[in-house]
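Chain by chain, the residues run as shown.
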Amino acid sequence: MAIAPKILAKIQTHAMAGLKARTDVKFDAVHVDIHTEGLPRGQQMVQGLNKSYELSRPTVVVLADLMPHYNWGHPCEHHLYDSETGEHYDTQKSQFPPNAWFHAPQEFQSLHAPMTLPGGAMADFPKIVPHLNGPISNAPGKRYAILFSGMSNNRHLNDLEFLYRTLLDIYHFDAANIIVLNYDGTVNYSGSPQPVVHWPGDNTAYRIKVNGQGSNTAFAQALDTIKGKLQSGDLLLIHSNNHGGGQPSDPQAWLCCYPNWASYTASDFGTKLHTLPAFHSLIVMMEQCHSGGFQDATLNNSTATNTSFSAACTYDSNSMGGADYDPYARDWIAGVTGHNPNGAALSKPVPVPASAKDAFNYALAVKVSGDSPVYGDKPANVGASQYLTGSLNVTFASASAAINSDGRLEVFMRASDGSAWNIWQTVPHAGPWSAPNCLGGVVKQPLAPALNSDGRLEIFGIGTDNAAYNDWQTHPHAGPWSGWNRLGGIVSQITAACNSDGRLELFGIGSDGALYNMWQMSPHSGPWSGWNRLGGVVKQITVACNSDGRLEVFGIGTDGALYNIWQTHPHAGPWSGWNRLGGVVKQIAATINSDGRLEVFGIGTDDALYNIWQTHPHAGPWSNWNRLGGIVKQIVPMRNNDGRLEVFGIGSDDALYNIWQTVPHAGPWSSWNRLGGIVKQISAALNSDGRLEVFGIGSDNGLYNIWQTHPHAGPWSSWNKLC
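Residues numbered from 1 in each chain as written. Predicted model: local features only at pLDDT ≥ 70, side-chain atom pairs only at ≥ 80, totals over all residues. Heavy atoms only, no water.

A few words on the overall build of the protein chain. Per the secondary structure count, the protein chain includes 8 helices and 53 strands. By principal-axis analysis of the C-alpha atoms, the protein chain measures approximately 110 × 50 × 45 Å. Long-range pairs, those at least 24 residues apart, make up 55% of the contacts in the protein chain with a sequence separation of at least 6. Within the structure as shown, the protein chain displays about 26800 Å² of accessible surface, and the carbon and sulfur contribution to it stands at 52%. (Helix = DSSP H or I, 4+ residues; strand = E, 2+ residues; numbered from the N terminus. Contact = heavy atoms within 4.5 Å. Areas by Shrake-Rupley, 256 points an atom, 1.4 Å probe, with all protein chains shown as cover.)

With that settled, consider the packing of aromatic side chains. Counting across every chain of the model gives 22 aromatic pairs. Where Phe162 meets Trp199, the ring centres are 6.0 Å apart and the plane angle is 35°; that geometry is what we call tilted. On the criterion of sequence distance, the pair formed by Phe162 in helix 3 (residues 154–170) and Trp199 in strand 10 (residues 198–199) is long-range, its members being 37 residues apart. Owing to a relative accessible area of 2%, Trp199 belongs among the buried residues under this scheme. (Phe/Tyr/Trp six-rings, centres within 6.5 Å; stacked < 30°, edge-to-face > 60°. Buried < 20%, exposed > 50% of the residue type's maximum accessible area, 1.4 Å probe, protein only.)

The subject of this paragraph is the sheet that holds strand 7 (residues 108–112). Reading across the sheet, the 5 strands line up as 6-5-4-1-7 and stay open at both edges, with antiparallel pairing between neighbours. Each edge of the open sheet is held by one strand with a lone partner, namely strand 6 (88–94) and strand 7. Across the sheet, the axes of successive neighbouring strands diverge by a mean angle of 25°, strand direction being ignored. Relative to strand 4 (residues 59–65), strand 1 (residues 31–35) is paired through 4 bridges, and the arrangement is antiparallel. The partner of His31 across the bridge, within strand 4, is Asp65. (Pairing = 2+ DSSP bridges. Axes fitted to C-alpha atoms, helices over the stretch in contact; angles between N-to-C directions.)

Here helix 1 (residues 5–21) spans 24 Å end to end across 17 residues, near enough to the 24 Å set by a 1.5 Å rise per residue. Within helix 1, burial applies to Ile7, Leu8, Ile11, Ala15, Met16 and Leu19. Buried residues in helix 1, looked at end-on, bunch into an arc of 150°, giving them a common side. Those residues of helix 1 that are exposed and aimed more than 90 degrees away from the buried face are Lys6, Thr13, Lys20 and Ala21. Packed against the buried residues of helix 1 are strand 1, strand 4, strand 5 (76–82) and strand 7. (Expected span 1.5 Å × (residues − 1). Arc of directions from axis to C-beta.)

In this section: unusual backbone geometry. Following Tyr258, the chain continues to Pro259 via a peptide bond in cis, the omega torsion being 10°. Following the sequence through the fold, Pro259 ends up in the loop between strand 14 (254–257) and strand 15 (262–265). Cis geometry marks the peptide bond from Gly620 to Pro621; its omega dihedral reads 0°. Here Pro621 lies in strand 42 (residues 619–622). Phi at Asn50 takes a positive value of approximately 55°, unusual for a residue other than glycine. You can see Asn50 is positioned in the loop between strand 2 (44–48) and strand 3 (51–54). On the basis of relative accessibility, which here comes to 75%, the residue Asn50 falls in the exposed class. If you check the backbone angles, His712 has positive phi at about 50° while not being a glycine. With respect to the helices and strands, the residue His712 is situated in the loop between strand 51 (703–710) and strand 52 (713–716).

Let us now look at the side chain of Asn517. In this fold, Asn517 is placed in strand 31 (residues 515–522). A polar atom in the side chain of Asn517 sits 2.8 Å from the side chain of Glu505. Excluding residues that lie within four positions of it along the chain, Asn517 makes contacts with Glu505, Leu506, Phe507, Gly530, Trp531, Asn532, Leu534 and Trp575. (Polar contact = N/O pair within 3.5 Å; in protein donor to acceptor, adjacent residues only side chain to side chain.)

Now for helix 8 (residues 356–365). With respect to burial, helix 8 is a largely interior element, 7 of its 10 residues being buried. Restricting attention to buried positions, one finds in helix 8 the residues Ala356, Lys357, Asp358, Ala359, Phe360, Tyr362 and Ala363. Where the residues of helix 8 are buried, they touch strand 16 (279–286), strand 17 (304–311), helix 7 (327–337) and strand 18 (374–378).

All right, on to the sheet that holds strand 15 then. Pairing is antiparallel in the open sheet, where 3 strands are placed in the order 13-14-15. Strand pairing shows two members of the sheet lacking a second neighbour, strand 13 (244–245) and strand 15, which therefore form its edges. Both strand 13 and strand 14 contribute to a ladder of 2 bridges, which runs antiparallel. By the bridge assignment, Gly245 is partnered in strand 14 with Trp254. The strands touched by helix 4 (residues 216–227) within the sheet are strand 14 and strand 15, with strand 15 carrying the most contacts at an inclination of about 35°.

Glancing now at the pairing of strand 24 (residues 448–451). Here strand 24 shows a buried face lined by Ala448 and Ala450 and an unburied face lined by Pro449 and Leu451. Alignment of strand 24 against strand 25 (residues 457–462), held across 4 bridges, turns out to be antiparallel. For Ala450, the partnering residue across the bridge sits in strand 25 and is Glu458. What sits between the antiparallel neighbours strand 24 and strand 25 is a turn of 5 residues, in which Gly455 has the positive phi angle 95°.

Printed below as a string of structure tokens:
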């Protein structure tokens with residue numbers, strides 16, 4: 001019942017004076033609330049894990065929140081006053097407020113609230129929230145998620161809503177495979193704002209489907225439900241939110257549960273995880289206070305082949321809250337989403353799609369003061385290759401390798417359905433590799449990558465309308481990618497190179513068989529020129545840059561001979577006329593020797609490898625054709641970092657073979673060496689540490705790689721399947 005006003009006034013005066021006079025607390029950082037209805041004798045008051053006290057008389061509680069920016073549990077005090085006399089009779093330390101403060105906030109009056117919860121600096125929401133360039137599909141394993149919040153405030157439900165939308169809209173989870181446990185089992189929370197109608201991300205109605213209460217029983221039952229469904233290839237995401245307790249006040253970390261600060265401990269969680277069948281991937285992300293205390297229980301008890309864990313704070317610390325979201329949960333989810341809840345861009349680049357480790361790294365990089373994020377995975381660094389995409393069921397027709405400006409290799413694949421994909425090393429010259437990422441579009445031939453002079457990769461493809469298209473990184477060595485742009489023309493083969501002044505140039509064979517070119521008007525940026533006709537009649541082309549900065553294009557003529565045409569000035573026309581270099585070849589590839597001489601390799605009519613070269617740096621005359629032998633059906637020349645050229649070819653048995661110069665920029669050449677495998681298309685790149693790496697499309701249409709184990713030298717690794 002309501003307490004007499006004069007009693008409340010007496011209590012208020014005493015409580016405020018006492019707090020102001022204390023030297024062990026900073027009054028300007030304390031929030032003070034008074035319960036105006038009073039609590040009955042015998043009321044249990046939760047203080048921590050399995051810790052509580054009982055009110056000895058009808059009591060008015062004054063709550064002194066000593067850390068109002070944080071989620072519960074954190075230090076607070078219950079100042080207890082006799083409801084009838086207003087006399088102070090006890091003070092109890094606690095980690096949690098009275099149940100009534102949470103479930104009936106209208107019964108409490110604020111006496112002192114000098115601090116506001118941080119809302120985070122984010123732009124106004126757009127009318128349409130942008131999503132990733134293309135939806136990310138999944139197969140063959142199924143993906144499941146448990147989203148949990150027990151004693152929810154508005155920010156906790158908002159975090160769940162953000163993740164729920166991301167799972168449905170970005171990663172296309174089946175809604176039936178997402179179990180949401182929140183507060184009282186509805187789309188609801190304690191406190192303001194009320195009524196619970198619109199999610200603040202885009203001010204639309206909440207879409208989340210709540211399956212049950214945020215109770216410890218429901219959480220255990222959800223894990224039992226998943227237990228009956230998990231298969232060997234499946235992924236499970238577990239996200240917990242709201243409040244929690246832990247050391248040093250409690251012996252172990254625990255998650256607060258509905259209705260009255262019930263507990264679900266780290267040991268409860270670990271025990272239940274250990275009962276799950278073997279499956280592929282477990283990703284756990286926790287927000288509650290002391291959530292880092294769940295790390296060992298997760299990693300030591302997971303039955304998944306791959307497990308990662310991240311949390312907002314260490315085992316003995318509290319997590320920050322915010323006005324609309326919990327900062328850590330918001331930022332982790334934003335990392336895997338590609339934008340903030342309101343659609344605003346991320347403040348730092350994040351790979352697309354982001355792995356579990358990428359999401360943690362982003363949340364760590366932008367963390368608010370007060371959070372202490374933690375991360376762990378098993379096996380080590382496996383979180384860098386854990387994606388909410390699950391296991392992708394996509395096959396590939398071709399691969400084209402390139403190197404980023406930060407030293408990481410990246411491979412661009414054309415899928416069997418024509419869509420473009422990429423995959424990249426997560427650290428320079430080393431794995432693990434990312435999961436395949438869909439760049440969308442539909443292209444007809446292998447993609448042609450090139451590196452802009454500002455460090456951004458750009459790829460070119462031929463669309464179904466036979467026009468040229470381009471797509472580019474929007475930041476040096478990082479996404480997001482621009483999305484496909486139509487450059488036009490009608491072309492049947494394309495190749496790209498970078499001019500010595502930093503402008504990319506694209507070459508294509510037109511519908512009349514002639515060579516055409518187009519170029520960036522400024523270094524590393526558009527607009528692009530229109531298509532320009534260089535003439536001739538060719539059926540395959542390749543391009544290389546002379547050591548004096550002039551581009552040179554080689555083509556196979558209608559008579560099967562090799563022809564060349566070149567810029568007469570560095571990075572500029574006019575172009576020469578076509579020149580016949582002779583021979584009869586059916587596939588060509590060009591590169592540059594370490595002494596500045598171009599060299600062209602071709603497959604002859606007898607399927608052997610041939611080569612021809614400039615006799616002087618960036619100038620003719622050219623040598624005669626020389627037979628290097630072997631039987632090959634596709635070739636890729638590369639230059640080792642010690643200056644020796646090396647050519648890779650697919651043999652008649654579909655295995656990979658290599659042959660190399662025995663001294664820099666000169667023969668004699670080695671004999672052919674068999675590297676094995678079964679491949680039907682290859683590409684290669686030079687790692688930033690000097691080791692060559694070859695990529696091939698296998699007989700199963702998967703992407704494989706093999707590499708030198710030492711700079712410019714073998715032995716070579718075994719073949720490794722990337723995807």
